[in-house]
Amino acid sequence: MLFAEQCGLSYPDDLISVEIYGYPMLLIDNDMAGCVTSYVGHRRGVLDADQLRIVRECARDLRALVPRLRRREGRIYAARWLRIAELIMSDPPEECQLR
C-alpha cells in the first residue's frame, strides 16, 4: 500500500536538486523503486544480496536526509521511502508487508 501511494505521487520539485553524500535524491528514488518493484512483484518478498545492499544504503542516506528537508512535500516523500526501506529490512523473507 505504501509503495502504491508512493508510485501515485509526482516527484516533488523541491527534491530535484537535493543530494546526500554527493548522491542525488533522484537516484535514491530510482534505486528504491527498482528494488521495491522486485520485492512486491514476481520475487514475492525476496531481494538478492545486491538489492538488499541498495535498500540498506538508501535507508542510511534517507535517515540523514529527511531531517534536513524543509519543505513538507519533499520531506513526506523521502520519509515514505525511508519507511518502505525499513519495512523491507525488517521483513522475514517469506512475508511481504508492503502489499
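From a predicted model like this one, the values you see are computed outputs, not experimental measurements.

Asks: Hey, could you go over the overall build of the chain for me, with residue numbers and the actual values?
Replies: Scanning the chain from terminus to terminus reveals four helices and two strands. Ordering the α and β elements of the chain from the N terminus gives α-β-β-α-α-α. The buried share of the chain, reckoned over its 99 residues, is 42%. Excluding contacts between residues fewer than 6 apart, the proportion of contacts in the chain whose partners are at least 24 apart in sequence is 67%. Accessible surface, the chain as shown: approximately 5700 Å² in total, 52% of it carbon and sulfur.

Asks: Can you lay out the confidence of the model for the chain for me, pointing to particular residues and giving the numbers?
Replies: Here the chain shows a mean pLDDT of 89. Residues at 70 or above account for 90%. Per-element confidence in the chain is highest for helix 3 (residues 49-65), whose mean pLDDT is 96, and lowest for helix 1 (residues 2-7), whose mean pLDDT is 85. This model gives residues 95-99 a pLDDT under 50, and the stretch forms 23 contacts once residues within four places in sequence are excluded.

Asks: So, helix 2 (residues 25-40): which residues are in play, and what are the values?
Replies: Over its 16 residues, helix 2 runs 22 Å from end to end, which matches the ideal 22 Å to within 8%, given 1.5 Å per residue. On its buried face, helix 2 sits against helix 1, strand 1 (19-20), strand 2 (23-24), helix 3 and helix 4 (72-90).

Asks: So what's going on with the packing of aromatic side chains? Residues and values would help.
Replies: By the definition in use, this model includes two aromatic pairs. With a centroid separation of 6.1 Å and 45 degrees between ring planes, the pair formed by Phe3 and Trp81 is classed as tilted. Here Phe3 is found in helix 1, whereas its partner Trp81 is found in helix 4, with 78 residues between them in sequence. We classify Phe3 as buried; its relative accessible area is 11%. Residue Trp81 is classed as buried on the basis of its relative accessible area of 2%. Measuring from ring centre to ring centre gives 5.5 Å for Tyr11 and Tyr77, while their planes differ by 85 degrees; the resulting arrangement is edge-to-face.

Asks: Outline the pattern of salt bridges, supporting the account with residue identities and numerical values.
Replies: This model, assessed by the stated rule, comprises four salt bridges. Here Glu57 ties to Arg53 by a salt bridge, and the two come within 3.2 Å at their closest N and O atoms. Linking Glu57 with Arg53, this pair stays in helix 3, spanning four residues, or about one helical turn. A relative accessible area of 31% means that Glu57 is categorised as partly exposed. Residue classification places Arg53 among the partly exposed positions, given a relative accessible area of 38%. Here Asp61 and Arg60 are joined by a salt bridge, their closest N and O atoms 2.9 Å apart. On the basis of relative accessible area, Asp61 is assigned to the buried category, the value being 5%. A relative accessible area of 45% means that Arg60 is categorised as partly exposed.

Here is what the cut-offs are and how they apply
- Residues numbered from 1 in each chain as written.
- Predicted model: local features only at pLDDT ≥ 70, side-chain atom pairs only at ≥ 80, totals over all residues.
- Heavy atoms only, no water.
- Helix = DSSP H or I, 4+ residues; strand = E, 2+ residues; numbered from the N terminus.
- Buried < 20%, exposed > 50% of the residue type's maximum accessible area, 1.4 Å probe, protein only.
- Contact = heavy atoms within 4.5 Å.
- Areas by Shrake-Rupley, 256 points an atom, 1.4 Å probe, with all protein chains shown as cover.
- pLDDT = per-residue confidence, 0-100.
- Expected span 1.5 Å × (residues − 1).
- Phe/Tyr/Trp six-rings, centres within 6.5 Å; stacked < 30°, edge-to-face > 60°.
- Salt bridge = Lys/Arg side-chain N within 4 Å of Asp/Glu carboxyl O.

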